[in-house]
Amino acid sequence: MRQTIIVAGIVLILFVLVGSVVLQLSGAMPRAQVNQQRIWDAPIAGGEVETLKSIDLTGDGQEEIFAQTPSQVVVFSSDGQTLFSQNLSSAKSTMGDLDGDGVEDFAIAEPQGSSLKVVAYTGDGGKLWETTVPDVGAPTRGLTLDFEGDGKREVIFGSDAGVLAVLEGDTGELRWLYTFPSDTPENLYVRGTDDAWRAGEMHLAGATYGGHVVLLDEAGTSAWEILFPDEVRRLRAYDMNGDGTSEILLGGLNGLVWMVSAAGDNNLLWETFIGSRVDEARFLELDGDPTQTEVAVGGKNGGVSAYDMTGTTLWQRTVTGKVRELATLDTDDDGQNELLVAADRVYLLDGRTGNTLSTFPIGAPPVLDTGDFGGEQGYVADTGGKLSVFQVSHEPRPWWFSPITIGLLLALVIAVVSVVLARFDWEKGKVYSVQGQSLEALRAKKRMLRDVLDDTERVYGDGQISAQLYLEKSRQEREQLAAVEEQILKLNPNYKPDVFRCPACGGPVEIGMDQCPYCNHVLL
């Protein structure tokens, strides 16, 4: 028993020490306690928020919050005051500097029959212009980009009829329309738009649900077109390596992910499959190297994957619920971004490893965005009928709080417990039940114990066991013999026992001994 306990203790100590070293090297244990504080809430109507952006719309250096549901557009100040509010119907929106004054503006589109009504506003709610684009369908996506680089961004809205409408940002004048090739009504739905560089020139990338992807120049001429072999869920574009040509990320209904180059010919850079519908995809800086940009993709099954520019998987994690939004935030100001994942709750992951640093049970926000709110870094999220702003902070753990330290402490505890258990007299602790047995059974048990005791005497006499072990074993066997004889005496009062108790120590001593072998007391 003692040997088993010691071996088990050594194995446990090795397991704990190796595990603590692995945790230390992997960085899986959070470096600090992450805390979240709700700063303010503000009501918003019209269903789930579809567009949410922390952005300086007034030019005062403070970020406002722009939020759009299908039925309402609201602009809040950084402390939650309503600056602009308008009720709409089936609206879509986009933001950008439209008039070239260096301050961000916004444009709102809503359907009017088969036409598209677009109204542009300055950040403080003043109307810039209003226009109607006939026979293009209802809006599905909004975007601003600067084709000429003159500081005035053009306004683009995609529609459910497969049309991209491009308007002059400062006047609202229709610049051109692009209509995707004929397809079913469902497949014509414009699912994605983004600005993309091609050889240093700005282009418009667009995609329909049916998988038709196009890159258009400033005149609306197609630079190239491809057919994505899955229904399009997401389209994002970004120049990942700063070479003047963007990479375009496509995510599909059945989990297909493509990375294509805006350059054109043979433009598929890599592909992968995430196993479920792509619900979100973003170009983000995750590994701490600002010269490189990574890709994060989230699926309906809760999978979150990070890739580098070559398509190499950096890490994969699973959260609960479908992934609805991805955003980065440097919560501890160490120059290394953490990743916020909106799913059944908000998860805070380490950007380099994907390890979970904390979770924030605020519901299942459909959108969130990060920003500077009143001088504090945090995030804003749709928390069900209201917008909520949260500040995330780190409380550093004590210097000694590390996997190695905890592992050493656990190993010490295991060692102490193992020594204590190994020194415990397990045989002495056993209880031999002889009560209720017949006289014949007790006599048979006595003969068996006598044989065992004789064997112990023999092996000791042959020098096969030490004196210490002999004393321990013989005492245990005599204790059992004494217990049997006590029961025999109850059944046969005339029985003369072979064992009696030492008057000094209470140990079991056989009749005929002149000295107790356990305490050396002289027996008369």
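Look up a bit, the structure's there.
Undergrad: Teacher, can you tell me more about the sheet that holds strand β22 (residues 278–284) here?
TA: What holds strands together in a sheet is hydrogen bonding between their backbones, with the strands either parallel or antiparallel. Strand order in the open sheet formed by 4 strands is β22-β23-β24-β25, with antiparallel pairing between adjacent strands. The open sheet terminates on both sides in strands that have one partner only, identified here as β22 and β25 (313–318). Each strand of the sheet is rotated relative to its neighbour by a mean of 15°, with strand direction disregarded. Sheet topology note: the strand β23 (residues 294–299)/strand β24 (residues 303–307) ladder contains 4 bridges and is antiparallel. Of the residues in β24, the one forming a bridge with Val297 is Ser305.

Undergrad: Explain helix α4 (residues 467–491) to me, please; I cannot follow it from the model alone.
TA: When the terminal C-alpha atoms of α4 are compared, their 36 Å separation across 25 residues agrees well with the 36 Å that a helix rising 1.5 Å per residue should span. If you check which residues of α4 are buried, you get Tyr470, Ser474, Gln476, Glu477, Arg478, Gln480, Leu481, Ala482, Val484, Glu485, Gln487 and Ile488. If you follow the buried residues of α4, they end up packed against α3 (439–461), β33 (499–501) and β34 (508–510).

Undergrad: Mind showing me how you'd approach the sheet that holds strand β19 (residues 247–252) here?
TA: The strand order β18-β19-β20-β21 describes an open sheet built from 4 strands, whose pairing is antiparallel. Edge positions in the open sheet fall to β18 (232–238) and β21 (268–273), since each of these has one partner strand only. For this sheet, the mean inter-axis angle between neighbouring strands, taken without regard to orientation, is 15°. Relative to β19, β18 runs antiparallel, the two sharing 6 bridges. Residue Leu235 lies in a different strand from β19, and its bridge partner there is Leu250.

Undergrad: For this particular structure, what's the right way to read the pattern of salt bridges?
TA: It is possible for side chains bearing opposite charge to pair when their charged atoms get close. Tallied over the entire structure, the rule returns 27 salt bridges. Measuring nitrogen to oxygen at the nearest pair gives 2.9 Å for the salt bridge that ties Arg450 to Glu510. Remark: Glu510 occurs in strand β34 and Arg450 occurs in helix α3; sequence separation between them is 60 residues. For Glu479, the salt bridge identified is with Arg501, shortest N-O distance 2.9 Å. You can see Glu479 sitting in helix α4 and its partner Arg501 sitting in strand β33, a full 22 residues away along the chain. Assessed through its relative accessible area of 29%, Glu479 is described here as partly exposed. Accessibility expressed as a relative area gives 37% for Arg501, which makes it partly exposed. Members of the salt-bridge network, linked through shared partners, are Lys446, Arg450, Glu457, Arg478, Glu485, Asp498 and Glu510.

Cut-offs and rules
- Residues numbered from 1 in each chain as written.
- Predicted model: local features only at pLDDT ≥ 70, side-chain atom pairs only at ≥ 80, totals over all residues.
- Heavy atoms only, no water.
- Pairing = 2+ DSSP bridges.
- Helix = DSSP H or I, 4+ residues; strand = E, 2+ residues; numbered from the N terminus.
- Axes fitted to C-alpha atoms, helices over the stretch in contact; angles between N-to-C directions.
- Expected span 1.5 Å × (residues − 1).
- Buried < 20%, exposed > 50% of the residue type's maximum accessible area, 1.4 Å probe, protein only.
- Contact = heavy atoms within 4.5 Å.
- Salt bridge = Lys/Arg side-chain N within 4 Å of Asp/Glu carboxyl O.

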